[in-house]
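Next come the chains, spelled out residue by residue.
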Amino acid sequence: MTASTGREEKSEFVRPSSIAESVHEQIYERIMSLKIPPGARITIDGLARELNVSQTPVREALTRLERESLVRKEHLIGYSASPQLTRKEFDNLYKFRLMLEPESARQACLKLTPETLARIESAAADMEKGEPPVDRNSRYSRFARADAHFHDEILKVADNEIVRQAMSDQHVHLHIFRLMFHSRVTQDALEEHERLLTAFRTGNADAAYQAMHDHICLSRDRLVEAFG
Ligand SMILES: [Zn+2]
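Position numbers for residues count from 1 along each chain, tracking the sequence in the order it is written. Given that this is a predicted model, residues contribute local features only at a pLDDT of at least 70 and side-chain atom pairs are listed and counted only at 80 or more, while totals for whole chains, interfaces and linings are drawn from all residues. Hydrogens and waters are ignored; side-chain quantities use all the structure's heavy atoms.

1. Some details on the overall build of the protein
Item 1. Each helix is a run of DSSP H or I of at least 4 residues and each strand a run of E of at least 2, with the numbering of both proceeding from the N terminus. Looking only at helices and strands, the protein features 11 helices and three strands.
Item 2. Its helices and strands taken in sequence order, the protein reads α-α-β-α-α-β-β-α-α-α-α-α-α-α from the N to the C terminus.
Item 3. Each residue is placed in one exposure class: buried if its accessible area under a 1.4 Å probe, protein chains only, is under 20% of its type's maximum, exposed if it is over 50%, and partly exposed if it falls in between. For the protein, the residues scored as buried account for 46% of the 228 residues in total.
Item 4. Contacts spanning at least 24 positions in sequence make up 77% of the contacts within the protein whose residues lie at least 6 apart. Any pair of residues with heavy atoms lying within 4.5 Å of one another is described as a contacting pair.

2. Quick notes on the nonpolar core
Item 1. What we call a nonpolar core is a set of buried Ala, Val, Leu, Ile, Met, Phe, Trp, Tyr and Cys residues that are connected through their side-chain atoms within 4.5 Å. Of all hydrophobic cores here, the largest spans 62 residues; its most connected members are Ile27, Leu62, Phe150, Ile154, Leu196 and Phe200.
Item 2. If you tally residues by element for this core, the top one is helix 7 (residues 136–158), at nine residues.
Item 3. Two domains each put at least three residues into this core: domain 1 (6–81) and domain 2 (87–227).
Item 4. If we ignore the near neighbours within four places in the chain, the residues touching Phe200 are Ala105, Ala108, Cys109, Leu112, Leu117, Ile120, Ile154 and Ala208. Throughout, the edges of the domains are those of an automatic or database domain assignment.

3. Concerning unusual backbone geometry
Item 1. Of note, the phi angle at Asn52 is positive, near 60 degrees, even though the residue is not glycine.
Item 2. Relative to the assigned elements, Asn52 resides in the loop between helix 3 (44–51) and helix 4 (55–67).
Item 3. Judged by its relative accessible area of 70%, Asn52 is exposed.
Item 4. Its identity is not glycine, yet His171 carries a phi of approximately 45 degrees, on the positive side.
Item 5. On the secondary structure map, His171 appears in the loop between helix 8 (161–170) and helix 9 (172–178).

4. Here's the deal with helix 8
Item 1. Looking only at helix 8, the buried set comprises Val163, Arg164 and Met167. An end-on view of helix 8 places all buried positions within 100 degrees of arc, on one side of the element.
Item 2. Two N or O atoms form a polar contact when they lie within 3.5 Å of each other; inside protein one atom must be a possible hydrogen donor and the other a possible acceptor, and for residues adjacent in sequence the pair counts only when both atoms belong to side chains. Between the side-chain oxygen at the start of helix 8 and the backbone nitrogen of Ile162 there is a gap of 3.0 Å, and the oxygen is on Asn160.
Item 3. His171 sits one or two residues past helix 8 and shows a positive phi near 45 degrees. Taken from the helix axis, the directions to the C-beta atoms give the arc we talk about.

Shown next, in the form of structure tokens:
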């Protein structure tokens, strides 16, 4: 288990740098793309064979995924992929975001410096990148993490660690992105982020509040389709 700084997290979704990173990334993609379906059993030796690695990096990856709430470990039974969000959990997560994130965007806007604005801009730019030959699943699962990183950068600038921790404990982005693959989800989100960045660049705190509020509502409306 390694503590990681923001900078390491960033390089992690761009370029897995070691076997452990790469194994984590591959299992993460399978869970996000539902190749490992919600609730499915996950065996350490099965995954080690499939990925052609020893059990150690698989065990490490599962420990980390358990912290991200994407897998569960049950005594004497072992690991399984976490169940999908229920409709009620989904609704509650979005209510929770709406309580915290628009106001945090306003606070962040009031506290921005050229340096912190540059960090937010760079997190936004990361979302449009991705290694050239990545397949759709892997692009999507990286997008989920990059979106989490972008929102977290804003919470960092807002400078309320209690709010930031409450958001990060929910792993909101990983769970909502796991609900559905949808190419519009990524394109629309980028356009909404751009509106937020415009508010930050012009120092318009009310516009930042509104842009974040609208982004969260639109994200909810896109993803609610996953429930049919
Ligand atoms: Zn977003």
